[in-house]
Amino acid sequence: MPDSLAPAAVEPLLAGRFGRPYLYRTRCTSTQELLGADLPEGAAAVCEEQTAGRGRLGRTWSAPAGTSLLCSLLLRPPPERRAPELALVAGVAAAEAIEQTAGLAVSIKWPNDLLLDGRKAGGILAEARDGAVVLGIGLNVNQTAEELPTDTRLPPASLRVALGSELDRPALLASLLARLEAHYDAWLGLGLAAALPELERRDFLRGRRVRVGGATGVAAGLDALGRLLLDTGDALESGEVELEP
Ligand code: BTN
């Protein structure tokens, strides 16, 4: 019997202000579409199945009903903060939630991929909306190997496949919302400096030869603005990182 992310299962586990209100649907086009501008910061939208889930750079995001975490969060960062940094901050929060709940080591492939042993188990999509940011997080949780997508750039992973057993999705979601709130608050206070040590510790790309757009080189960490540094001196704002053989 699959678990459910219905409010009755999740709301009792929420301790902070993220996830309030908690909007839940069994099916929707994309949780990114559910958060209206009238809602307060911290509102979360969660569903069991998306019919038009989206990823970065115009890609799609798909998962069988009831297997994964599909969550969007409404944030209103102050104008003096650089909103694109939120995808990095969310990556650290999601990595910590997975480690806390599943005990699995998670690395981050800049800018937004969550990896287990080099395989992608989740991703972050930050979209600007009417002066707010809608932060979408997709985590492959209880998919079997056969249920994972086959058309992905990186080999796919789920927590279930990595762990060998199913995970409690409500507990993972509550941990994710709590870690997001803690890291968001730290970012409001200190900026990206608050997340940089964890980003550095989890950096999948460091030391690997990569290609981003027209630039190639060996990844050499992130700078204070969250840009990817190459040993050539390039500092990249965003883009698709391909690993060079
Ligand atoms: C990526 O890796 O390209 C980002 C994937 C983000 C997927 C999540 S699932 C919840 C939210 N709703 C969407 O349509 N996309 C994000």
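Residues numbered from 1 in each chain as written. Predicted model: local features only at pLDDT ≥ 70, side-chain atom pairs only at ≥ 80, totals over all residues. Heavy atoms only, no water.

Draft legend 1. Here's a closer look at the layout of surface pockets. Roughly 510 Å³ of internal volume is contained in the largest pocket. Those elements that place two or more of their residues in the lining of the largest pocket are β3 (69-75), β6 (119-129) and β7 (132-139). For the lining of the largest pocket, the element with the most residues is β6, which contributes four residues. Within the lining of the largest pocket, the residues separate by chemical class into nine nonpolar, 15 polar and eight charged. What the second largest pocket holds in volume is close to 420 Å³. Mapped onto the lining of the second largest pocket, the elements with two or more residues apiece are α2 (85-102) and β6. The leading source of residues in the lining of the second largest pocket is β6, at five residues. The residue makeup of the lining of the second largest pocket, split by class, is 13 nonpolar, three polar and six charged. Two domains each put at least three residues into the lining of the second largest pocket: domain 1 (7-201) and domain 2 (209-243). (1 Å grid on protein atoms, 1.4 Å probe; cavity = no way out; pocket = protein on both sides within 12 Å on 5 of 7 lines; lining within 4 Å. Points joined across faces, edges and corners; volume = space filled by probe spheres on them. Helix = DSSP H or I, 4+ residues; strand = E, 2+ residues; numbered from the N terminus. Nonpolar A, V, L, I, M, F, W, Y, C, P; charged D, E, K, R; others polar. Domains from an automatic or database assignment.)

Draft legend 2. Broad picture of the sheet that holds strand β1 (residues 22-28). As summarised here, the arrangement of the seven strands in space is β1-β2-β3-β7-β6-β5-β4, forming an open sheet in which the pairing is mixed. Of all the strands in the sheet, the pair left with one neighbour each is β1 and β4 (107-109). Ignoring which end each strand starts from, the neighbouring axes of this sheet average 20° apart. As defined by bridge partners, β6 adjoins β7 across eight bridges and the pair is classed as antiparallel. Directly across from Gly123, in β7, lies its bridge partner Gly138. (Pairing = 2+ DSSP bridges. Axes fitted to C-alpha atoms, helices over the stretch in contact; angles between N-to-C directions.)

Draft legend 3. Summary view of the packing of aromatic side chains. In total, this model carries two aromatic pairs according to the counting rule given. On the basis of an interplanar angle of 45° and a centroid distance of 5.8 Å, the ring pair of Phe18 and Tyr184 is categorised as tilted. Pair noted here: Phe18 is in the loop between α1 (7-10) and β1 and Tyr184 is in helix α4 (residues 169-190), with a separation of 166 residues, a long-range link. Grouping residues by exposure puts Phe18 and Tyr184 together as buried. Taken together, the aromatic side chains of Phe18, Tyr184 and Trp187 make up a single cluster linked through ring pairs. (Phe/Tyr/Trp six-rings, centres within 6.5 Å; stacked < 30°, edge-to-face > 60°. Buried < 20%, exposed > 50% of the residue type's maximum accessible area, 1.4 Å probe, protein only.)

Draft legend 4. Region of interest: the environment of Val89. Examined against the element boundaries, Val89 turns out to sit in helix α2. Along the chain, Val89 and Arg227 lie 138 residues apart, while their C-alpha atoms are 13 Å from each other. Those residues within four positions of Val89 in sequence are excluded, and the remaining contacts are His183, Tyr184, Trp187, Leu192 and Ala195. (Contact = heavy atoms within 4.5 Å.)

Draft legend 5. Spotlight on α4. Counted at 1.5 Å a residue, the expected span for α4 with its 22 residues is 32 Å, and the 31 Å between its end C-alpha atoms agrees. Looking one or two residues past α4, Gly191 carries a phi angle of roughly 75°, positive in sign. (Expected span 1.5 Å × (residues − 1).)

Draft legend 6. Representation of the site of the ligand. Taken together, the neighbourhood of the ligand is formed by 20 residues, with Ser30, Gln50, Arg54, Arg56 and Lys120 sitting nearest. Within the side chain of Thr31, an N or O atom sits 3.0 Å from a nitrogen atom of the ligand. Between the ligand and Asn112 there is a distance of 3.4 Å, counted from an oxygen atom to a side-chain nitrogen or oxygen. Summarising the interface, the protein chains cover 98% of the accessible area of the ligand, which totals 420 Å² for the free molecule. When atoms are counted within 2 Å of each cavity's grid points, the one that captures over half of the ligand is the largest pocket. Of all the secondary-structure elements, those providing two or more residues to the shell around the ligand are β3, β6 and β7. Ranked by the residues each element gives to the shell around the ligand, the list is headed by β6, at four residues. Of the residues that constitute the shell around the ligand, the class distribution is six nonpolar, 11 polar and three charged. (Near = heavy atom within 4 Å. Polar contact = N/O pair within 3.5 Å; in protein donor to acceptor, adjacent residues only side chain to side chain. Areas by Shrake-Rupley, 256 points an atom, 1.4 Å probe, with all protein chains shown as cover. Sits in = over half its atoms within 2 Å of the grid points.)

Everything listed here is a matter of geometry and, on its own, says nothing about what the molecule does.
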